[in-house]
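Structural overview for review
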Amino acid sequence: DLEIASLAKSFVYIEKLILKRVVVQSNRRLVGGICLLLATKVNEPKGLTISKILEISTKDIREHEWTVFTELEFDLYLSQREFLPHFERILSALG
């Protein structure tokens, strides 16, 4: 049920956080899950239950979602230029 565009956008969010040195080995799964959650909130009519998909506790997601959103400078809008390369790569991998 996950939109390919949501996954592509979450990759861009993660890249931005990696460049800001927010993502480290110990938090990459949690931050990645939160980025996917934020992408689905922006891109899909109803969000997904990310905690079940990625086996991350809902408590951890709630505690860190605001921090990730803040590190993204409250800007979840992405131009096509930013997420289209990821979108095309995912689409070609799916065949």
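Everything numeric here is computed off the predicted structure, so don't read it as measured data.

Across all of its chains, the model carries three aromatic pairs by this definition. An angle of 90° between the planes, with centres 5.0 Å apart, marks the rings of Phe69 and Phe74 as edge-to-face. Linked through ring pairs, Trp66, Phe69 and Phe74 together constitute an aromatic cluster. One cation-aromatic arrangement involves Lys9 over Phe83; the distance from NZ or CZ to the ring centre is 4.9 Å.

A few words on the confidence of the model for the protein. Mean pLDDT over the protein works out to 91, with 93% of the residues at or above the 70 mark. Of all the helices and strands in the protein, helix α3 (residues 50–54) carries the lowest mean pLDDT, 68, while helix α1 (residues 4–19) carries the highest, 96.

Looking at the element boundaries, Ser6 is found in helix α1. Setting aside its immediate chain neighbours within four residues, Ser6 contacts Leu36, Ala39, Thr40, Asn43 and Glu44.

The next point concerns the nonpolar core. In a soluble, globular protein the nonpolar side chains are often hidden away together inside. Among the nonpolar cores identified, the biggest contains 22 residues, and Tyr13, Leu17, Leu38, Val68 and Leu72 are the most heavily contacted of them. Those elements that place two or more of their residues in this core are α1, α2 (28–43), α4 (58–71) and α5 (80–94). Top contributing element to this core by residue count: α2, with seven residues. Among all residues touching Val68, those that are not within four sequence positions of it are Leu17, Val31, Ile34, Cys35 and Leu38.

Parameters and conventions
Residues numbered from 1 in each chain as written. Predicted model: local features only at pLDDT ≥ 70, side-chain atom pairs only at ≥ 80, totals over all residues. Heavy atoms only, no water. Phe/Tyr/Trp six-rings, centres within 6.5 Å; stacked < 30°, edge-to-face > 60°. Lys NZ or Arg CZ within 6 Å of the ring centre and 35° of its normal. pLDDT = per-residue confidence, 0-100. Helix = DSSP H or I, 4+ residues; strand = E, 2+ residues; numbered from the N terminus. Contact = heavy atoms within 4.5 Å. Core = buried A, V, L, I, M, F, W, Y, C linked by side-chain atoms within 4.5 Å. Buried < 20%, exposed > 50% of the residue type's maximum accessible area, 1.4 Å probe, protein only.

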